[in-house]
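# Reading the structure
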Amino acid sequence: MSETSYRQIAVDGLWRNNTATVQLLGLCPLLACSNSVVNALSLGLATTLALASSNAAVSLVRHHTPANLRLPIFVMIIASLVSCIELLMHAFTYQLYQALGIFIPLIVTNCALLGRAEAFASKHNTRFAAFDGLMVGLGFTVVLVLLGAMRELLGNGTLFANMHLLLGNLAQSWTIKIADYKQFLFFILPPSAFICLGFIIAGKNVIDERLKQRASQQAKEVVAGSKRVRTTGHIS
């Protein structure tokens, strides 16, 4: 693959085929754990690490995997790596591990991981497979953090609360709070995530439509500005 292919993988993972806003995969943790930025970022980073590492591992064994055992092997690889990530969170970010609860081991059931392993990692070399997992994970994380920021701000009137649970004492004073803001319980509860995600998807669709119209307009201008040249005579 060329450098252009890296760019294509990045554009697809981050925008064109975004897991959350286009393919609508992994919605269970996306909607359940996005009530704050710290929860959303933690789950997003864990999912990104799982995607990148599982893609790389699947790519490494792709030539040694029997066709009839391909999917079970992929699931075992993903489950093993997610278990390692869970143990790391248990050791270094225990409070976050408790807050996210069952949704960390449930990363194994995220359709995006098995989907990318089957559709991409099993057909490409390790570098590109890992890069694809990284871009898909980052695209998922961006949507997750945006959703968490919307719900935390509208629900609690705060932003970046409890970030020290993930980043340590460095983020102890990062909390932004709206003065005299009363809690809006609806945005703290999971059903509000459907509405917020709907606005995010609608915003992406609007941007895509405007980009499409701009590209169409530029193409028309190029055609209108071109001139037809006719050449006659002989060249000696």
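As a starting point, this report considers the structure included with it.

Analysis parameters
- Residues numbered from 1 in each chain as written.
- Predicted model: local features only at pLDDT ≥ 70, side-chain atom pairs only at ≥ 80, totals over all residues.
- Heavy atoms only, no water.
- Helix = DSSP H or I, 4+ residues; strand = E, 2+ residues; numbered from the N terminus.
- Core = buried A, V, L, I, M, F, W, Y, C linked by side-chain atoms within 4.5 Å.
- Buried < 20%, exposed > 50% of the residue type's maximum accessible area, 1.4 Å probe, protein only.
- Contact = heavy atoms within 4.5 Å.
- Salt bridge = Lys/Arg side-chain N within 4 Å of Asp/Glu carboxyl O.
- Patch = residues over 30% accessible without salt bridge, like charges linked within 9 Å, V, L, I, M, F, W, Y side chains within 5 Å.
- Areas by Shrake-Rupley, 256 points an atom, 1.4 Å probe, with all protein chains shown as cover.
- Phe/Tyr/Trp six-rings, centres within 6.5 Å; stacked < 30°, edge-to-face > 60°.
- Axes fitted to C-alpha atoms, helices over the stretch in contact; angles between N-to-C directions.
- Parallel < 35°, antiparallel > 145°, perpendicular 65-115°, else oblique.
- Left-handed = near helix turned anticlockwise from the far one by under 90°.
- Nonpolar A, V, L, I, M, F, W, Y, C, P; charged D, E, K, R; others polar.

## So, unusual backbone geometry
Of note in this structure, Leu-24 is not a glycine but carries a positive phi near 55°. The backbone phi angle of Phe-160 is positive, close to 65°, even though this residue is not glycine. Looking at where Phe-160 falls in the secondary structure, it is placed in the loop between β1 (158-159) and α8 (164-167).

## A word on the nonpolar core
By size, the foremost hydrophobic cluster in this structure holds 38 residues, and its most contacted members are Leu-30, Met-89, Ile-104, Ile-107, Leu-147 and Leu-197. Secondary structure elements with two or more residues in this core: α2 (27-32), α3 (37-60), α4 (70-92), α5 (94-100), α7 (126-156) and α10 (191-225). With near-sequence residues (within four places) excluded, Ile-104 lies in contact with Leu-43, Ala-46, Val-82, Glu-86 and Met-89. In this structure, Val-58, Phe-74, Ile-77 and Ala-129 belong to the second largest nonpolar core, which totals 6 residues.

## A word on the environment of Ala-121
As for its position among the elements, Ala-121 is in the loop between α6 (111-119) and α7. Exposure remark for Ala-121: the relative accessible area of 0% places this residue in the buried category. The sequence separation of Ala-121 and Ala-57 amounts to 64 residues, and the corresponding C-alpha distance is 8.5 Å. Contact partners of Ala-121, with chain neighbours within four places excluded, come to Asn-55, Val-58, Ser-59, Arg-62, Arg-116 and Ala-129.

## Some thoughts on the pattern of salt bridges
Counting across every chain of the model gives 4 salt bridges. A salt bridge links Asp-12 to Arg-16; its shortest N-O distance comes to 3.1 Å. Placement of the pair is Asp-12 and Arg-16 together in helix α1 (residues 3-16), with a separation of 4 residues, close to one helical turn. Across the pair Asp-208 and Lys-204 runs a salt bridge whose closest N-O atoms are separated by 2.6 Å. Note that Asp-208 and Lys-204 are positioned in helix α10 at a spacing of 4 residues, about one turn of the helix.

## Description of a nonpolar patch on the surface
A surface patch of nonpolar side chains, about 690 Å² in accessible area, is lined by Leu-153, Leu-154, Ile-178, Tyr-181, Phe-184, Phe-186, Ile-195 and Phe-199. If you list the elements that add at least two residues to the nonpolar patch, you get α7 and α10.

## Considerations on the packing of aromatic side chains
Evaluation of the coordinates by the stated rule reveals 5 aromatic pairs. Centroid distance Tyr-6 to Phe-128: 4.7 Å. Interplanar angle 45°. Geometry classified as tilted. A residue pair is termed long-range when its members are at least 10 positions apart, and Tyr-6 in helix α1 and Phe-128 in helix α7 qualify at 122 residues. Exposure remark for Tyr-6: the relative accessible area of 27% places this residue in the partly exposed category. Pairwise contacts between aromatic rings join Tyr-6, Phe-128 and Phe-131 into one cluster.

## Some remarks on the packing of α3 against α7
Running from N to C, α3 and α7 point in directions that differ by 165°, and their axes come no closer than 8 Å. Here α3 is positioned roughly antiparallel relative to α7, judged by the angle of their axes. Pair α3 / α7 crosses with right-handed handedness. Among the residues making up the contact of α3 with α7, the classes are represented as 18 nonpolar, 10 polar and 2 charged.

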